[in-house]
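# Analysis of the macromolecular model
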Amino acid sequence: MSSRKSTGNLQISSHKIKDLAYEPLGMPTERVIRLNAQYTQNNPEYSDRKEIIRHLITPAELLIKTRKPARSPFAKPEHHGQADIYAYSRQRMVKEQLIARGINDENVLRAMAAVPRHLFVNEALYPTAYEDRPLPIACGQTISQPYTVALMCQMLMAEKGMKILEIGTGSGYQAAVLREMGLKVFSVERIKELYTHTKEFLTAKLGYHDMQLFLSDGTLGLELFAPYDRIIVAAGGPAIPEALKNQLADNGIMLIPVGKEKMSQNLIRVFKLGGSCRKENLGATTFVDLIGKQGW
Ligand code: SAH
């Protein structure tokens, strides 16, 4: 059962999971905590769900802040008081790595030119942040090379205002690019350290108060806010998780690396039409492992 409510520019569903009815918006924190405790006591096996419910406190807090019109934190050439000395490298990256290789979606190019990729990696790596290669982030994970991020964004064929679910928040770089493209971003990360760090970085440091970040197993999607117009998966699994197919809206598009062996996948684009999914193979690629109930 779900009913739709409109709050500002965001649509939120209120759902019922296992006899627990709750509303994401406007619920007092103490009540959420009490319901959580009650829920954990009654359903110890549903600890993943508990995480989701716990983090529902966040969207409510964030939505209050978004009443102000959201503007790009990168609108000014300075970030937290520092001159952006990488602006030139970023422009070159867009021209030489993206436009030269066929990225022509203006919205994608604008977003890639706006997001300061260097801020998403360790300071020691700042000078390499605009090179044509993936970069390591914490917990043994990686951000894809700029071309792959841009290609995936272009292949999504997304329109402004669409709701997108990203699996694998990681550093938050791809999420920030999607947000700069004008999408409503819901992003899930399974590693607590990355989730905590990235959430703090995106909200407190960069001022993106309108991105919804969750700590949970993304192979199960994010049922609470489904369906999604677009789904993008930043890690490769052995098959397309059923949960993600189910949570994709009709006429929706999903991009997911799929491979029978770890670290070697094909990038698959899924078109959902009339309830059934058609797959298109976009070619060989390499992503980190998608780990979870419907992954490795
Ligand atoms: N989009 C990220 C890429 C990070 S690498 C960025 O721009 O930085 C892929 C991420 O997927 C890793 O952080 C990894 O922890 C995460 N991941 C792997 N399996 C996952 C799962 N089942 N649910 C959520 N995140 C997952």
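Residues numbered from 1 in each chain as written. Predicted model: local features only at pLDDT ≥ 70, side-chain atom pairs only at ≥ 80, totals over all residues. Heavy atoms only, no water.

It is worth spelling out the site of the ligand at this point. Close to the ligand lie 28 residues; Ser-171, Glu-189, Asp-217, Gly-218 and Ile-291 are nearest. A distance of 2.6 Å separates an oxygen atom of the ligand from a polar atom in the side chain of Glu-189. When the free accessible area of the ligand is taken as 580 Å², the share hidden by the protein chains comes to 98%. In this structure, the ligand is accommodated by the largest pocket. Listing elements by their share of the shell around the ligand, those giving two or more residues are strand 7 (142-143), strand 8 (163-167), helix 7 (173-180) and strand 9 (184-189). Residues that form the shell around the ligand fall into these classes: 12 nonpolar, 11 polar and five charged. (Near = heavy atom within 4 Å. Polar contact = N/O pair within 3.5 Å; in protein donor to acceptor, adjacent residues only side chain to side chain. Areas by Shrake-Rupley, 256 points an atom, 1.4 Å probe, with all protein chains shown as cover. 1 Å grid on protein atoms, 1.4 Å probe; cavity = no way out; pocket = protein on both sides within 12 Å on 5 of 7 lines; lining within 4 Å. Sits in = over half its atoms within 2 Å of the grid points. Helix = DSSP H or I, 4+ residues; strand = E, 2+ residues; numbered from the N terminus. Nonpolar A, V, L, I, M, F, W, Y, C, P; charged D, E, K, R; others polar.)

Moving on: the sheet that holds strand 10 (residues 212-215). Strand order in this open sheet of seven strands is 10-9-8-11-12-13-14, and the pairing throughout is mixed. For this open sheet the edge positions go to strand 10 and strand 14 (276-285), each flanked by a neighbour on one side alone. Pairs of neighbouring strands in the sheet enclose a mean axial angle of 20°, with direction left out of account. As paired strands, strand 8 and strand 11 (residues 228-233) are joined by four bridges and run parallel to one another. Note on strand 11: the bridge partner recorded for Ile-164 is Arg-230. Against the sheet, helix 6 (residues 146-155) engages strand 11, strand 12 (248-261), strand 13 (264-273) and strand 14, with an angle of about 145° to strand 12. Packed on one face of the sheet, helix 8 (residues 192-205) meets strand 9 and strand 10 and runs near 160° to strand 10. (Pairing = 2+ DSSP bridges. Axes fitted to C-alpha atoms, helices over the stretch in contact; angles between N-to-C directions. Contact = heavy atoms within 4.5 Å.)

The next subject is the pairing of strand 12. Burial of strand 12 is extensive: 10 of the 14 residues sit out of reach of the surface. Pairing between strand 11 and strand 12: four bridges, direction parallel. Paired with Tyr-228 across the strands is Leu-248, a residue of strand 12. Remark: the strand 11/helix 9 (residues 242-247)/strand 12 crossover connection has right-handed handedness. Across seven bridges, strand 12 lies against strand 13 in antiparallel orientation. Following the sheet pairing, Leu-255 is matched in strand 13 by Arg-269. As consecutive antiparallel partners, strand 12 and strand 13 are separated by two residues, and within that stretch Met-263 has a phi angle of approximately 60°, a positive value. (Buried < 20%, exposed > 50% of the residue type's maximum accessible area, 1.4 Å probe, protein only. Right-handed = clockwise from strand over helix to strand, strands pointing away.)

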